[in-house]
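# Residue-level structural notes
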Amino acid sequence: MSSQEGLKPNEVGIEMDTPEVLGTSARTLHTLPEDQPDLVAMRAWVGTLLRDLPEDVRLDVLLVCTELASNAYEHAIGPRAVRVQRHVDFIRVEVDDHTPASLPRLGESRLGSSRGRGLMLTAAISRCWGTREMVGGKTVWAEIDA
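No experiment lies behind these values; they were computed from the predicted model shown.

The subject of this paragraph is the nonpolar core. One finds Val-46, Leu-50, Val-61, Leu-68, Val-82, Val-84 and Val-93 to be the most contacted residues of the largest nonpolar core, which totals 25 residues. Only α1 (39–49), α2 (55–75), β2 (80–86), β3 (90–97) and β5 (137–145) provide two or more residues apiece to this core. Residue contributions to this core peak at nine residues, all from α2. With residues near it in sequence (within four places) discarded, Val-61 still touches Val-46, Leu-50, Ile-91, Val-93 and Ile-144.

So this is what it looks like as structure tokens:
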């Protein structure tokens, strides 16, 4: 199965086959490790999926993926998953976690005043971003122009 279509929100832990290059209107899922973030592996996975895009677009997507996944580890509980969906003119990144009560706020961090810039950076790079509650958690998403 190469797409995440048909999965229910509580099934985010299922690892999906990854296409060689993510085609238009295709969507795929990467389950993140439970305890320690493996952001290098996640970035390699996304970079491979989008390797045919211009480097500046690919780097923007990688930065947004890293920020959203890092927030899921710092501010939420697992399981966690990253989804990437490619459209004709944008890439949509979604990160799921299982902490429904803690919706992110732009520029605020419970970890101190020197933190909280990741979503500001995501907002600056993305054409739009937001959150969506799901059963037992939430999805934080962003769309990057391609």
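Continuing now.
A few words on the packing of α2 against helix α3 (residues 118–125). Two elements in contact, α2 and α3, have axes separated by 10 Å at closest approach and are oriented at 150°. Accordingly, the angle class assigned to the pair α2 and α3 is roughly antiparallel. Our pair here, α2 against α3, has a crossing hand that is left-handed. Contacts between α2 and α3 involve Asp-60, Leu-63, Val-64, Glu-67, Leu-68 and Asn-71 from the former and Gly-118, Leu-119, Leu-121, Thr-122 and Ile-125 from the latter. Its residues placed into classes, the contact of α2 with α3 shows six nonpolar, three polar and two charged.

Turning next to the side chain of Ser-126. Within the secondary structure, Ser-126 sits in the loop between α3 and β4 (128–134). Within the structure, Ser-126 has its side chain in polar contact with the backbone oxygen of Thr-122 (distance 2.7 Å). Apart from residues no more than four positions distant in its own chain, Ser-126 is found in contact with Val-64, Ala-142, Glu-143 and Ile-144.

About the cut-offs
Residues numbered from 1 in each chain as written. Predicted model: local features only at pLDDT ≥ 70, side-chain atom pairs only at ≥ 80, totals over all residues. Heavy atoms only, no water. Core = buried A, V, L, I, M, F, W, Y, C linked by side-chain atoms within 4.5 Å. Buried < 20%, exposed > 50% of the residue type's maximum accessible area, 1.4 Å probe, protein only. Helix = DSSP H or I, 4+ residues; strand = E, 2+ residues; numbered from the N terminus. Contact = heavy atoms within 4.5 Å. Axes fitted to C-alpha atoms, helices over the stretch in contact; angles between N-to-C directions. Parallel < 35°, antiparallel > 145°, perpendicular 65-115°, else oblique. Left-handed = near helix turned anticlockwise from the far one by under 90°. Nonpolar A, V, L, I, M, F, W, Y, C, P; charged D, E, K, R; others polar. Polar contact = N/O pair within 3.5 Å; in protein donor to acceptor, adjacent residues only side chain to side chain.

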